[in-house]
Amino acid sequence: MAINQLESNLAAITRTLVKLEKDGCTDEKILNELREERDKILKELNL
C-alpha cells in the first residue's frame, strides 16, 4: 500500500477513535479493533 494511502487511513482511524471516545462510546471491542489497526499502520510506517 502506498505511503499516502497508509497516512490517509491512519488519519481517518485516529479521527474516528477521537470522535467515538469524545462521544462516550463504551464498546471496547470496536475501540480496541481501531487501536490495533492504528498500531499496525504506525508500525508499517515505522513511527
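Cut-offs applied
Residues numbered from 1 in each chain as written. Predicted model: local features only at pLDDT ≥ 70, side-chain atom pairs only at ≥ 80, totals over all residues. Heavy atoms only, no water. Helix = DSSP H or I, 4+ residues; strand = E, 2+ residues; numbered from the N terminus. Expected span 1.5 Å × (residues − 1). Buried < 20%, exposed > 50% of the residue type's maximum accessible area, 1.4 Å probe, protein only. Arc of directions from axis to C-beta. Contact = heavy atoms within 4.5 Å. Core = buried A, V, L, I, M, F, W, Y, C linked by side-chain atoms within 4.5 Å. Salt bridge = Lys/Arg side-chain N within 4 Å of Asp/Glu carboxyl O.

Points about helix H2 (residues 28-44)
1) Next: In this model H2 runs 24 Å from its N-terminal to its C-terminal C-alpha over 17 residues, within 8% of the 24 Å that 1.5 Å per residue would give.
2) Next: For H2, the set of buried residues is Leu-31, Leu-34 and Ile-41. Down the axis of H2, the sector holding all buried residues measures 90°, keeping them to one side. The outward face of H2, more than 90 degrees from its buried face, is lined by the exposed residues Lys-29, Glu-36 and Lys-43.
3) Next: Against helix H1 (3-22) lie the buried residues of H2.

As for the nonpolar core
1) Next: Counting residues in each nonpolar core, the largest one holds eight residues, listed as Leu-6, Leu-10, Ile-13, Leu-17, Leu-31, Leu-34, Ile-41 and Leu-45.
2) Next: Those elements that provide at least two residues to this core are H1 and H2.
3) Next: Broken down by element, the residue count for this core peaks at four residues, all from H1.
4) Next: With near-sequence residues (within four places) excluded, Ile-13 lies in contact with Leu-34, Glu-37, Arg-38 and Ile-41.

Topic: the pattern of salt bridges
1) Next: In the structure shown here, the tally under the stated rule is four salt bridges.
2) Next: Salt-bridge contacts for Lys-19 lead to Asp-23; the nearest nitrogen and oxygen are separated by 2.8 Å.
3) Next: The residue Arg-35 makes a salt bridge to Glu-21 at a minimum N-O spacing of 2.8 Å. Placement of the pair is Arg-35 in helix H2 and Glu-21 in helix H1, with a sequence separation of 14 residues.

Don't take any of this as a statement about function, it's just geometry.
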